[in-house]
Amino acid sequence: MKIFRLKKDFEKFSLNIDSLDMSEQKIYGIIGPNGCGKTTAMKLMAGIMQPDSGVVDSGGLTARDITMVFRKPYLMHESVLKNLLYPLKIRGITPDMQYIEHLLELSGLQALRDTYALTLSGGEQQKLALMRAVVFSPKLVFIDEGFSNMDIESIAVFEEFILKMQAKSKLTWVITSHQLSTIRRLCEHVIFMHAGEVKAQGNTEEILSSPQLPELKQYLQFV
Amino acid sequence: MFNFLSTETLGIIALSLRMTLLSTAIASIIGVPFGLWLDKAHFPGKRFIVLFNRSLMAAPPVVVGLVAYLLLMRSGPLGFMGRLFTFEGMVFAQVLLLTPIISGLVYNAAHRSAANIRAFAKTMGATKMQTQILLIRELSNDIYFAAVTGFGRAMSEVGAVMVVGGNIRYHTRVMTTTISMLRNRGEIDVAIFLGVVLLIVAFAVQLIAGFLRKREHRTDENF
Ligand SMILES: Nc1ncnc2c1ncn2[C@@H]1O[C@H](COP(=O)(O)OP(=O)(O)O)[C@@H](O)[C@H]1O
Ligand SMILES: [Mg+2]
(Lines give C-alpha, C1' and ligand atoms only; values in the text may rest on other atoms or scores of the structure.)
(Ligands and ions follow the chains in the order given, each with its own letter.)
Protein backbone atom coordinates (compact mmCIF):
# COMPACT_ATOMS: atom_id res chain seq x y z
CA MET A 1 0.00 0.00 0.00
CA LYS A 2 1.46 3.29 -1.13
CA ILE A 3 -0.23 6.64 -1.50
CA PHE A 4 0.82 9.80 -3.35
CA ARG A 5 -0.50 13.34 -3.09
CA LEU A 6 -3.74 12.19 -1.56
CA LYS A 7 -6.33 14.94 -1.10
CA LYS A 8 -9.80 14.91 0.35
CA ASP A 9 -11.73 18.06 1.25
CA PHE A 10 -14.77 18.37 3.48
CA GLU A 11 -16.42 21.66 4.38
CA LYS A 12 -14.34 22.12 7.51
CA PHE A 13 -11.51 19.69 7.08
CA SER A 14 -8.99 18.79 4.49
CA LEU A 15 -6.76 15.77 4.31
CA ASN A 16 -3.42 16.13 2.59
CA ILE A 17 -0.94 13.29 2.51
CA ASP A 18 2.01 13.82 0.22
CA SER A 19 3.30 10.29 0.31
CA LEU A 20 3.11 7.25 2.54
CA ASP A 21 4.64 3.82 2.07
CA MET A 22 3.15 0.88 3.89
CA SER A 23 4.19 -1.80 1.45
CA GLU A 24 5.88 -4.15 3.88
CA GLN A 25 4.07 -7.07 5.45
CA LYS A 26 3.96 -5.76 8.96
CA ILE A 27 1.73 -3.97 11.41
CA TYR A 28 1.52 -0.21 11.01
CA GLY A 29 -0.05 2.11 13.52
CA ILE A 30 -1.67 5.48 12.91
CA ILE A 31 -2.02 7.80 15.89
CA GLY A 32 -3.17 11.37 16.33
CA PRO A 33 -5.81 13.45 18.12
CA ASN A 34 -9.55 13.21 17.42
CA GLY A 35 -10.47 14.67 14.07
CA CYS A 36 -6.93 14.61 12.65
CA GLY A 37 -8.09 12.43 9.75
CA LYS A 38 -7.14 8.86 10.73
CA THR A 39 -10.47 7.34 9.78
CA THR A 40 -10.68 9.35 6.57
CA ALA A 41 -7.16 8.31 5.56
CA MET A 42 -8.02 4.66 6.21
CA LYS A 43 -11.26 4.80 4.25
CA LEU A 44 -9.39 6.29 1.30
CA MET A 45 -6.70 3.64 1.47
CA ALA A 46 -9.23 0.82 1.86
CA GLY A 47 -11.13 2.07 -1.20
CA ILE A 48 -14.29 2.80 0.77
CA MET A 49 -14.09 6.49 0.00
CA GLN A 50 -12.82 8.14 -3.18
CA PRO A 51 -10.15 10.87 -2.92
CA ASP A 52 -10.55 14.25 -4.62
CA SER A 53 -7.15 13.66 -6.16
CA GLY A 54 -4.07 11.54 -5.71
CA VAL A 55 -3.15 7.91 -6.06
CA VAL A 56 -3.79 4.89 -3.86
CA ASP A 57 -1.57 2.06 -5.04
CA SER A 58 -2.55 -1.20 -3.39
CA GLY A 59 0.28 -3.06 -5.10
CA GLY A 60 -1.90 -5.45 -7.08
CA LEU A 61 -4.33 -6.24 -4.29
CA THR A 62 -8.02 -6.24 -5.20
CA ALA A 63 -11.09 -5.33 -3.15
CA ARG A 64 -11.33 -9.03 -2.27
CA ASP A 65 -7.98 -8.90 -0.43
CA ILE A 66 -8.56 -5.71 1.52
CA THR A 67 -10.84 -5.24 4.51
CA MET A 68 -11.57 -2.67 7.18
CA VAL A 69 -13.08 -2.83 10.65
CA PHE A 70 -14.91 0.23 11.95
CA ARG A 71 -15.08 1.38 15.54
CA LYS A 72 -18.84 0.96 15.33
CA PRO A 73 -19.07 -2.03 13.01
CA TYR A 74 -21.97 -2.81 10.73
CA LEU A 75 -23.58 -6.07 11.73
CA MET A 76 -26.11 -7.74 9.49
CA HIS A 77 -29.62 -8.45 10.79
CA GLU A 78 -28.60 -12.08 11.23
CA SER A 79 -27.11 -14.38 13.86
CA VAL A 80 -23.54 -14.06 15.12
CA LEU A 81 -22.52 -17.16 13.16
CA LYS A 82 -24.07 -15.95 9.90
CA ASN A 83 -22.24 -12.65 10.28
CA LEU A 84 -18.99 -14.47 10.81
CA LEU A 85 -19.49 -16.68 7.76
CA TYR A 86 -20.65 -13.92 5.40
CA PRO A 87 -17.28 -13.14 3.76
CA LEU A 88 -16.77 -16.86 3.10
CA LYS A 89 -20.26 -17.23 1.70
CA ILE A 90 -19.83 -14.46 -0.86
CA ARG A 91 -16.52 -16.02 -1.93
CA GLY A 92 -18.05 -19.44 -2.33
CA ILE A 93 -15.69 -20.86 0.28
CA THR A 94 -16.89 -23.78 2.42
CA PRO A 95 -16.12 -22.80 6.01
CA ASP A 96 -13.66 -24.89 8.00
CA MET A 97 -15.93 -25.30 11.02
CA GLN A 98 -13.09 -26.26 13.30
CA TYR A 99 -11.40 -22.96 12.59
CA ILE A 100 -14.72 -21.12 12.98
CA GLU A 101 -15.25 -22.76 16.38
CA HIS A 102 -11.74 -21.74 17.34
CA LEU A 103 -12.44 -18.10 16.42
CA LEU A 104 -15.74 -18.12 18.32
CA GLU A 105 -14.08 -19.60 21.38
CA LEU A 106 -11.24 -17.16 21.25
CA SER A 107 -13.60 -14.20 21.15
CA GLY A 108 -15.85 -15.70 23.82
CA LEU A 109 -18.80 -15.74 21.47
CA GLN A 110 -19.49 -19.52 21.30
CA ALA A 111 -22.54 -19.37 23.52
CA LEU A 112 -23.84 -16.45 21.48
CA ARG A 113 -23.36 -18.01 18.04
CA ASP A 114 -27.10 -18.19 17.32
CA THR A 115 -27.90 -14.87 18.94
CA TYR A 116 -29.16 -12.02 16.81
CA ALA A 117 -25.97 -10.02 16.26
CA LEU A 118 -27.45 -6.60 16.93
CA THR A 119 -28.21 -7.53 20.53
CA LEU A 120 -24.51 -7.97 21.31
CA SER A 121 -22.79 -5.44 23.55
CA GLY A 122 -20.48 -2.90 21.94
CA GLY A 123 -17.37 -4.86 22.85
CA GLU A 124 -18.83 -8.15 21.62
CA GLN A 125 -19.79 -6.48 18.36
CA GLN A 126 -16.20 -5.36 17.89
CA LYS A 127 -14.94 -8.88 18.54
CA LEU A 128 -17.33 -10.32 15.99
CA ALA A 129 -16.37 -7.66 13.43
CA LEU A 130 -12.66 -8.36 13.91
CA MET A 131 -13.10 -12.09 13.47
CA ARG A 132 -15.35 -11.56 10.46
CA ALA A 133 -12.67 -9.39 8.88
CA VAL A 134 -9.91 -11.98 9.16
CA VAL A 135 -11.90 -15.17 8.62
CA PHE A 136 -11.29 -15.08 4.85
CA SER A 137 -7.51 -14.49 5.14
CA PRO A 138 -7.25 -11.00 3.68
CA LYS A 139 -3.87 -9.55 2.69
CA LEU A 140 -4.42 -6.02 3.97
CA VAL A 141 -6.47 -5.25 7.08
CA PHE A 142 -7.42 -1.82 8.41
CA ILE A 143 -8.60 -1.71 12.01
CA ASP A 144 -10.00 1.64 13.07
CA GLU A 145 -10.22 1.78 16.87
CA GLY A 146 -11.36 -1.82 16.72
CA PHE A 147 -10.76 -2.51 20.42
CA SER A 148 -12.21 0.69 21.85
CA ASN A 149 -15.16 -0.98 23.61
CA MET A 150 -13.41 -4.17 24.70
CA ASP A 151 -12.44 -5.01 28.25
CA ILE A 152 -8.73 -5.12 29.09
CA GLU A 153 -8.46 -8.90 29.01
CA SER A 154 -10.15 -9.12 25.63
CA ILE A 155 -7.82 -6.50 24.22
CA ALA A 156 -4.88 -8.63 25.31
CA VAL A 157 -6.45 -11.71 23.72
CA PHE A 158 -6.97 -9.93 20.42
CA GLU A 159 -3.51 -8.41 20.40
CA GLU A 160 -2.14 -11.91 20.93
CA PHE A 161 -4.36 -13.24 18.16
CA ILE A 162 -3.15 -10.62 15.69
CA LEU A 163 0.49 -11.22 16.54
CA LYS A 164 0.06 -14.98 16.13
CA MET A 165 -1.75 -14.59 12.85
CA GLN A 166 0.99 -12.27 11.66
CA ALA A 167 3.71 -14.76 12.65
CA LYS A 168 1.96 -17.55 10.75
CA SER A 169 0.97 -15.84 7.52
CA LYS A 170 2.49 -12.47 6.85
CA LEU A 171 0.09 -9.73 5.88
CA THR A 172 -0.19 -5.99 6.24
CA TRP A 173 -2.18 -4.42 9.06
CA VAL A 174 -2.94 -0.78 9.62
CA ILE A 175 -4.30 -0.02 13.06
CA THR A 176 -5.49 3.11 14.81
CA SER A 177 -5.90 3.21 18.55
CA HIS A 178 -5.78 5.71 21.36
CA GLN A 179 -4.37 2.94 23.59
CA LEU A 180 -0.68 3.53 23.17
CA SER A 181 -0.05 0.19 24.89
CA THR A 182 -1.79 -1.52 21.96
CA ILE A 183 0.24 0.47 19.46
CA ARG A 184 3.44 -0.38 21.31
CA ARG A 185 2.67 -4.09 21.49
CA LEU A 186 1.52 -4.52 17.90
CA CYS A 187 3.10 -1.96 15.63
CA GLU A 188 6.66 -1.84 14.37
CA HIS A 189 6.07 1.40 12.54
CA VAL A 190 3.92 4.29 13.62
CA ILE A 191 2.55 7.28 11.75
CA PHE A 192 1.53 10.42 13.59
CA MET A 193 -1.15 12.55 11.98
CA HIS A 194 -2.18 16.08 12.87
CA ALA A 195 -4.73 18.35 11.17
CA GLY A 196 -5.03 16.16 8.10
CA GLU A 197 -1.34 15.67 7.53
CA VAL A 198 1.31 13.08 8.34
CA LYS A 199 3.63 14.94 10.71
CA ALA A 200 6.00 12.20 11.82
CA GLN A 201 6.62 8.53 11.28
CA GLY A 202 9.15 5.85 12.05
CA ASN A 203 9.99 3.07 14.46
CA THR A 204 7.32 2.96 17.17
CA GLU A 205 9.64 3.16 20.17
CA GLU A 206 11.64 6.02 18.68
CA ILE A 207 8.52 8.01 17.85
CA LEU A 208 6.82 7.41 21.20
CA SER A 209 9.79 7.65 23.56
CA SER A 210 11.53 10.70 22.25
CA PRO A 211 9.02 12.87 20.42
CA GLN A 212 10.59 15.89 18.75
CA LEU A 213 7.61 17.60 17.20
CA PRO A 214 5.61 19.99 19.45
CA GLU A 215 2.25 18.58 18.23
CA LEU A 216 3.39 15.05 19.02
CA LYS A 217 4.71 16.12 22.41
CA GLN A 218 1.32 17.62 23.16
CA TYR A 219 -0.50 14.48 22.01
CA LEU A 220 1.65 12.35 24.28
CA GLN A 221 1.92 14.65 27.27
CA PHE A 222 -0.78 12.98 29.42
CA VAL A 223 0.42 9.43 28.88
CA MET B 1 -82.20 -4.14 1.42
CA PHE B 2 -78.61 -5.21 1.02
CA ASN B 3 -78.03 -8.87 1.79
CA PHE B 4 -74.76 -9.04 3.59
CA LEU B 5 -74.43 -12.79 3.86
CA SER B 6 -74.79 -13.42 0.16
CA THR B 7 -72.31 -14.64 -2.41
CA GLU B 8 -72.42 -11.09 -3.69
CA THR B 9 -70.86 -9.84 -0.47
CA LEU B 10 -68.20 -12.52 -0.63
CA GLY B 11 -67.54 -11.55 -4.24
CA ILE B 12 -67.09 -7.93 -3.18
CA ILE B 13 -64.63 -8.91 -0.46
CA ALA B 14 -62.72 -11.15 -2.86
CA LEU B 15 -62.56 -8.41 -5.50
CA SER B 16 -61.25 -5.93 -2.92
CA LEU B 17 -58.53 -8.31 -1.85
CA ARG B 18 -57.54 -9.20 -5.38
CA MET B 19 -57.34 -5.55 -6.41
CA THR B 20 -55.41 -4.52 -3.30
CA LEU B 21 -52.89 -7.34 -3.49
CA LEU B 22 -52.26 -6.82 -7.19
CA SER B 23 -51.83 -3.06 -6.92
CA THR B 24 -49.56 -3.43 -3.87
CA ALA B 25 -47.45 -5.99 -5.73
CA ILE B 26 -47.08 -3.85 -8.85
CA ALA B 27 -46.45 -0.67 -6.85
CA SER B 28 -43.75 -2.52 -4.85
CA ILE B 29 -42.06 -3.83 -7.97
CA ILE B 30 -41.79 -0.25 -9.22
CA GLY B 31 -41.46 1.64 -5.93
CA VAL B 32 -38.82 -0.43 -4.10
CA PRO B 33 -36.12 -0.25 -6.83
CA PHE B 34 -36.99 3.39 -7.45
CA GLY B 35 -36.60 4.27 -3.77
CA LEU B 36 -33.24 2.47 -3.59
CA TRP B 37 -32.05 4.06 -6.81
CA LEU B 38 -33.11 7.54 -5.70
CA ASP B 39 -30.92 7.22 -2.61
CA LYS B 40 -27.88 6.14 -4.58
CA ALA B 41 -28.17 8.38 -7.63
CA HIS B 42 -26.77 11.89 -7.76
CA PHE B 43 -28.14 14.21 -10.41
CA PRO B 44 -29.24 17.81 -10.65
CA GLY B 45 -32.82 18.15 -9.49
CA LYS B 46 -32.67 15.15 -7.16
CA ARG B 47 -33.87 17.25 -4.25
CA PHE B 48 -36.86 18.29 -6.29
CA ILE B 49 -37.72 14.69 -7.15
CA VAL B 50 -37.47 13.72 -3.48
CA LEU B 51 -39.75 16.60 -2.45
CA PHE B 52 -42.16 15.82 -5.28
CA ASN B 53 -42.27 12.17 -4.26
CA ARG B 54 -42.93 13.23 -0.68
CA SER B 55 -45.86 15.42 -1.72
CA LEU B 56 -47.34 12.59 -3.78
CA MET B 57 -47.28 10.41 -0.67
CA ALA B 58 -49.98 12.63 0.75
CA ALA B 59 -51.96 13.10 -2.47
CA PRO B 60 -55.74 12.76 -1.95
CA PRO B 61 -56.95 9.51 -3.56
CA VAL B 62 -59.77 11.33 -5.37
CA VAL B 63 -57.25 13.54 -7.14
CA VAL B 64 -55.10 10.55 -8.07
CA GLY B 65 -58.28 8.84 -9.29
CA LEU B 66 -59.09 11.88 -11.37
CA VAL B 67 -55.65 11.80 -12.99
CA ALA B 68 -56.08 8.09 -13.72
CA TYR B 69 -59.53 8.86 -15.13
CA LEU B 70 -58.15 11.52 -17.47
CA LEU B 71 -55.47 9.11 -18.67
CA LEU B 72 -57.88 6.21 -19.17
CA MET B 73 -60.91 8.00 -20.63
CA ARG B 74 -61.72 7.36 -24.25
CA SER B 75 -60.06 10.55 -25.54
CA GLY B 76 -57.17 10.29 -23.06
CA PRO B 77 -53.64 9.04 -23.85
CA LEU B 78 -54.44 5.52 -22.62
CA GLY B 79 -58.04 5.58 -23.85
CA PHE B 80 -57.31 3.13 -26.66
CA MET B 81 -56.94 0.39 -24.06
CA GLY B 82 -60.56 0.75 -23.01
CA ARG B 83 -59.85 0.17 -19.33
CA LEU B 84 -62.00 2.86 -17.72
CA PHE B 85 -64.57 1.30 -15.31
CA THR B 86 -62.72 -2.02 -15.24
CA PHE B 87 -60.75 -3.99 -12.66
CA GLU B 88 -57.50 -3.17 -14.47
CA GLY B 89 -58.42 0.51 -14.44
CA MET B 90 -58.83 0.45 -10.65
CA VAL B 91 -55.52 -1.34 -10.23
CA PHE B 92 -53.91 1.29 -12.46
CA ALA B 93 -55.27 4.11 -10.29
CA GLN B 94 -54.14 2.39 -7.10
CA VAL B 95 -50.67 1.79 -8.50
CA LEU B 96 -50.45 5.56 -9.14
CA LEU B 97 -51.53 6.13 -5.56
CA LEU B 98 -49.26 3.55 -3.88
CA THR B 99 -46.01 3.76 -5.83
CA PRO B 100 -44.93 7.11 -4.36
CA ILE B 101 -45.84 5.92 -0.85
CA ILE B 102 -43.73 2.82 -1.21
CA SER B 103 -40.83 4.50 -2.99
CA GLY B 104 -40.87 7.35 -0.45
CA LEU B 105 -40.75 5.01 2.55
CA VAL B 106 -38.02 2.89 0.95
CA TYR B 107 -36.05 6.02 0.05
CA ASN B 108 -36.19 7.21 3.65
CA ALA B 109 -34.99 3.86 4.98
CA ALA B 110 -32.21 3.65 2.39
CA HIS B 111 -31.17 7.21 3.13
CA ARG B 112 -30.74 6.25 6.77
CA SER B 113 -28.65 3.10 6.34
CA ALA B 114 -27.77 2.27 2.72
CA ALA B 115 -24.46 4.16 2.81
CA ASN B 116 -23.36 2.12 5.83
CA ILE B 117 -24.45 -1.13 4.24
CA ARG B 118 -22.59 -0.31 1.01
CA ALA B 119 -19.44 0.63 2.92
CA PHE B 120 -19.68 -2.63 4.85
CA ALA B 121 -20.18 -4.60 1.63
CA LYS B 122 -16.99 -3.01 0.29
CA THR B 123 -15.02 -4.03 3.34
CA MET B 124 -16.24 -7.59 2.80
CA GLY B 125 -15.24 -7.54 -0.87
CA ALA B 126 -18.80 -8.06 -2.08
CA THR B 127 -19.48 -7.79 -5.81
CA LYS B 128 -22.04 -5.29 -7.14
CA MET B 129 -24.67 -8.01 -7.32
CA GLN B 130 -23.88 -9.26 -3.80
CA THR B 131 -24.05 -5.70 -2.50
CA GLN B 132 -27.48 -5.26 -4.07
CA ILE B 133 -28.74 -8.49 -2.51
CA LEU B 134 -27.30 -7.54 0.87
CA LEU B 135 -28.95 -4.13 0.65
CA ILE B 136 -32.38 -5.61 -0.01
CA ARG B 137 -31.97 -8.21 2.72
CA GLU B 138 -30.78 -5.69 5.27
CA LEU B 139 -33.59 -3.29 4.38
CA SER B 140 -36.20 -6.04 4.20
CA ASN B 141 -37.93 -4.91 7.39
CA ASP B 142 -38.35 -1.44 5.95
CA ILE B 143 -39.41 -2.75 2.55
CA TYR B 144 -41.95 -4.98 4.23
CA PHE B 145 -43.26 -2.05 6.26
CA ALA B 146 -43.55 0.06 3.10
CA ALA B 147 -45.52 -2.64 1.30
CA VAL B 148 -47.82 -3.20 4.27
CA THR B 149 -48.46 0.53 4.54
CA GLY B 150 -49.28 0.60 0.84
CA PHE B 151 -51.58 -2.36 1.23
CA GLY B 152 -53.47 -0.70 4.07
CA ARG B 153 -53.87 2.47 2.06
CA ALA B 154 -55.13 0.57 -1.00
CA MET B 155 -57.56 -1.49 1.02
CA SER B 156 -59.17 1.47 2.76
CA GLU B 157 -59.25 4.19 0.13
CA VAL B 158 -62.44 4.89 -1.72
CA GLY B 159 -61.74 7.99 -3.83
CA ALA B 160 -59.57 6.55 -6.59
CA VAL B 161 -61.49 3.33 -7.16
CA MET B 162 -64.81 5.18 -7.11
CA VAL B 163 -63.75 7.65 -9.82
CA VAL B 164 -62.05 5.08 -12.05
CA GLY B 165 -64.10 1.98 -11.25
CA GLY B 166 -67.54 3.54 -10.90
CA ASN B 167 -68.83 1.02 -8.31
CA ILE B 168 -70.44 -1.17 -10.98
CA ARG B 169 -72.27 -4.16 -9.46
CA TYR B 170 -70.50 -7.52 -9.94
CA HIS B 171 -67.77 -5.71 -11.80
CA THR B 172 -65.95 -2.93 -9.99
CA ARG B 173 -67.81 -2.85 -6.71
CA VAL B 174 -65.35 -3.20 -3.85
CA MET B 175 -65.80 -2.95 -0.09
CA THR B 176 -65.15 0.74 0.31
CA THR B 177 -67.35 1.79 -2.61
CA THR B 178 -70.10 -0.48 -1.29
CA ILE B 179 -69.91 1.11 2.14
CA SER B 180 -70.06 4.56 0.62
CA MET B 181 -73.06 3.55 -1.52
CA LEU B 182 -74.93 2.00 1.40
CA ARG B 183 -74.43 5.13 3.44
CA ASN B 184 -75.90 7.21 0.65
CA ARG B 185 -78.88 4.89 0.52
CA GLY B 186 -79.33 5.23 4.27
CA GLU B 187 -78.56 1.59 5.02
CA ILE B 188 -76.26 2.62 7.83
CA ASP B 189 -76.37 -0.64 9.78
CA VAL B 190 -75.24 -2.70 6.80
CA ALA B 191 -72.59 -0.09 6.03
CA ILE B 192 -71.28 -0.45 9.55
CA PHE B 193 -71.31 -4.24 9.26
CA LEU B 194 -69.27 -4.10 6.06
CA GLY B 195 -66.95 -1.57 7.67
CA VAL B 196 -66.27 -4.02 10.48
CA VAL B 197 -65.70 -6.79 7.94
CA LEU B 198 -63.24 -4.51 6.14
CA LEU B 199 -61.35 -3.96 9.38
CA ILE B 200 -61.33 -7.67 10.17
CA VAL B 201 -60.11 -8.60 6.69
CA ALA B 202 -57.39 -5.95 6.85
CA PHE B 203 -56.34 -7.21 10.27
CA ALA B 204 -56.34 -10.84 9.13
CA VAL B 205 -54.12 -9.98 6.17
CA GLN B 206 -51.66 -8.18 8.46
CA LEU B 207 -51.72 -11.17 10.81
CA ILE B 208 -50.93 -13.60 8.00
CA ALA B 209 -48.19 -11.33 6.67
CA GLY B 210 -46.79 -11.08 10.19
CA PHE B 211 -46.66 -14.86 10.53
CA LEU B 212 -44.95 -15.28 7.18
CA ARG B 213 -42.38 -12.77 8.21
CA LYS B 214 -39.45 -13.78 10.35
CA ARG B 215 -39.51 -12.39 13.84
CA GLU B 216 -38.57 -8.77 14.04
CA HIS B 217 -35.87 -7.95 16.53
CA ARG B 218 -35.83 -5.05 18.85
CA THR B 219 -32.53 -3.42 19.60
CA ASP B 220 -31.37 -0.38 21.45
CA GLU B 221 -28.27 1.63 21.01
CA ASN B 222 -25.77 -0.47 22.86
CA PHE B 223 -22.30 0.97 22.83
N1 LIG C 1 -18.25 12.67 5.40
C2 LIG C 1 -17.77 13.76 6.02
N3 LIG C 1 -18.29 14.97 5.75
C4 LIG C 1 -17.81 16.08 6.36
N5 LIG C 1 -16.82 16.07 7.25
C6 LIG C 1 -16.25 14.90 7.56
C7 LIG C 1 -16.70 13.67 6.96
N8 LIG C 1 -15.95 12.66 7.46
C9 LIG C 1 -15.08 13.21 8.32
N10 LIG C 1 -15.26 14.56 8.38
C11 LIG C 1 -14.50 15.48 9.21
O12 LIG C 1 -13.14 15.25 8.97
C13 LIG C 1 -12.39 15.37 10.17
C14 LIG C 1 -11.54 14.13 10.35
O15 LIG C 1 -12.36 13.04 10.62
P16 LIG C 1 -11.80 11.61 10.92
O17 LIG C 1 -10.99 11.15 9.76
O18 LIG C 1 -12.95 10.74 11.28
O19 LIG C 1 -10.87 11.86 12.17
P20 LIG C 1 -10.23 10.84 13.20
O21 LIG C 1 -10.58 9.45 12.77
O22 LIG C 1 -8.75 11.09 13.14
O23 LIG C 1 -10.78 11.18 14.55
C24 LIG C 1 -13.39 15.56 11.29
O25 LIG C 1 -13.37 16.92 11.67
C26 LIG C 1 -14.72 15.21 10.69
O27 LIG C 1 -15.73 16.01 11.19
MG1 LIG D 1 -11.67 7.99 13.71
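What you are looking at is a predicted structure, and each value in this text was computed from that prediction instead of being measured.

A. Seen up close, unusual backbone geometry. Residue and element names in this part refer to chain A. Phi angles above zero are rare outside glycine, and E145 is one such case at about 50°. Unusually for a residue other than glycine, A195 sits at a positive phi of about 50°. For A195, the location among the structural elements is in the loop between β8 (189-194) and β9 (197-203).

B. The arrangement of helix α1 (residues 38-45) of chain A in detail. Residues and elements named next belong to chain A. Where burial is concerned, most of α1 is hidden: seven out of the eight residues are buried. Taken together, the buried positions of α1 are occupied by K38, T40, A41, M42, K43, L44 and M45. Downstream of α1 by one or two residues, G47 has phi in the positive range, about 80°.

C. Geometry of the sheet that holds strand β1 (residues 2-9) of chain A. All names here are of chain A. The strand order β2-β1-β4 describes an open sheet built from three strands, whose pairing is antiparallel. Looking at the sheet topology across the chains shown, the edges are occupied by β2 (14-21) and β4 (53-57). The sheet shows a mean angle of 20° between the axes of neighbouring strands, taken without regard to direction. As judged from the seven bridges shared by β1 and β2, these two strands associate in the antiparallel manner. Bridged to K7 within β2 is N16. Packing of α1 onto the sheet brings it into contact with β1, β2 and β4, and relative to β1 it is tilted by some 120°.

Definitions and cut-offs
- Residues numbered from 1 in each chain as written.
- Chains lettered and ligands numbered in written order.
- Predicted model: local features only at pLDDT ≥ 70, side-chain atom pairs only at ≥ 80, totals over all residues.
- Helix = DSSP H or I, 4+ residues; strand = E, 2+ residues; numbered from the N terminus.
- Buried ≥ 20, exposed ≤ 12 C-beta atoms within 10 Å, placed from the backbone.
- Pairing = 2+ DSSP bridges.
- Axes fitted to C-alpha atoms, helices over the stretch in contact; angles between N-to-C directions.
- Contact = placed C-beta atoms within 7 Å.

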